[in-house]
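Given next are the chains, with one letter for each unit.
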Protein chains: 2
Amino acid sequence: MSSTAPSPAQVVRAFMKAMERLDYDAAVQHLAPACEYTNPPPIGTVHGPAGVRAVLEPFFAPTLENEFRILREATDGGLVFHERLDRHRLKDGWVELPVTGVYEVVDGKIAYWRDYFDAQTILSQWPRG
Amino acid sequence: MSSTAPSPAQVVRAFMKAMERLDYDAAVQHLAPACEYTNPPPIGTVHGPAGVRAVLEPFFAPTLENEFRILREATDGGLVFHERLDRHRLKDGWVELPVTGVYEVVDGKIAYWRDYFDAQTILSQWPRG
């Protein structure tokens, strides 16, 4: 790996930046083929770039603007933690969700991603179907 | 500070160990006087050792055994992240809650603690009243 290879924290930030502008094609480039992605119920766990996209794309469809504000970050090897405030502009205004994201980066790709948040906090503010 | 002062990660682990055995007197020794402690709704934010105890003590009253399993940990200065699986033995068996804890340790005491989890996951399994 060359000395200019991005750090695990840089990989995660690049992924979140692409997600912020809902550039799914760019975002999934940062995911390992067998990556595991877990959310609280009822979403659960999916695998691989296509699985991740199948969760994210319909969920973010009603958003007009997204901001993933990174409040705190710590890393240990390929492990990256983010305390985030996710902000989404919907038709009727901004909604906010406090989240912690746990990521593991292996060979420059995200192999594990789990978001911890209170599902009711976001679902109660989200447009239905 | 002497060279034997515990690291921020050690402070947080000692706090969680005391909480595991519900030794509140020992646990709150690790908290700063003005510490801020936040949970998802409906719990919200409390301050200070007495505030923390007022949240934890009634909540854990129905537990017969507690295990805070640390799955992943990363630190940056006084900042400590834990990905945890909290396990609680109630009268009718074990319940589990996936949690991320974010802590800031200042001068050997926890000044900030925020737990991220899905409230419904635990409340739906918890004894009422």
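Before going into details, it helps to say that this report is about the structure given with it. In this text the structure is predicted, and so the values were computed from the model without any measurement. (Residues numbered from 1 in each chain as written. Chains lettered and ligands numbered in written order. Predicted model: local features only at pLDDT ≥ 70, side-chain atom pairs only at ≥ 80, totals over all residues. Heavy atoms only, no water.)

## What about unusual backbone geometry?
Of the consecutive residues Pro41 of chain A and Pro42 of chain A, the connecting peptide bond is found in the cis state with omega at 10°. As for its placement among the helices and strands, Pro42 of chain A is situated in the loop between β1 (31-39) and β2 (44-47). Positive phi, close to 55°, is recorded for Leu22 of chain B, a residue that is not glycine. Within the fold, Leu22 of chain B resides in the loop between α1 (8-20) and α2 (24-28). With a relative accessible area of 24%, Leu22 of chain B lands in the partly exposed category. For Asp107 of chain B, which is not a glycine, the phi torsion comes out positive at approximately 50°. By the secondary structure assignment, Asp107 of chain B is in the loop between β5 (93-106) and β6 (109-116). (Helix = DSSP H or I, 4+ residues; strand = E, 2+ residues; numbered from the N terminus. Buried < 20%, exposed > 50% of the residue type's maximum accessible area, 1.4 Å probe, protein only.)

## Notes on the packing of aromatic side chains
Any two aromatic rings considered together are summarised by their centre-to-centre distance and by the angle between their planes. Enumeration over the complete set of coordinates arrives at 13 aromatic pairs over all chains. With 4.0 Å between their ring centres and 15° between their planes, Tyr37 of chain A and Trp113 of chain A make a pair best called stacked. On the criterion of sequence distance, the pair formed by Tyr37 of chain A in strand β1 and Trp113 of chain A in strand β6 (residues 109-116) is long-range, its members being 76 residues apart. The exposure class of Trp113 of chain A is buried, given its relative accessible area of 4%. On the numbers, 6.0 Å between centres and 15° between planes, the contact of Tyr103 of chain B with Trp113 of chain B is stacked. On the criterion of sequence distance, the pair formed by Tyr103 of chain B in strand β5 and Trp113 of chain B in strand β6 is long-range, its members being 10 residues apart. Take Tyr103 of chain B and Trp113 of chain B: they sit in the same class, and that class is buried. Members of the aromatic cluster, joined through ring pairs, are Phe15, Tyr37, Tyr103 and Trp113 of chain A. Above the ring of Trp94 of chain B, the side-chain terminus of Arg87 of chain B is found at 4.3 Å from the ring centroid. (Phe/Tyr/Trp six-rings, centres within 6.5 Å; stacked < 30°, edge-to-face > 60°. Lys NZ or Arg CZ within 6 Å of the ring centre and 35° of its normal.)

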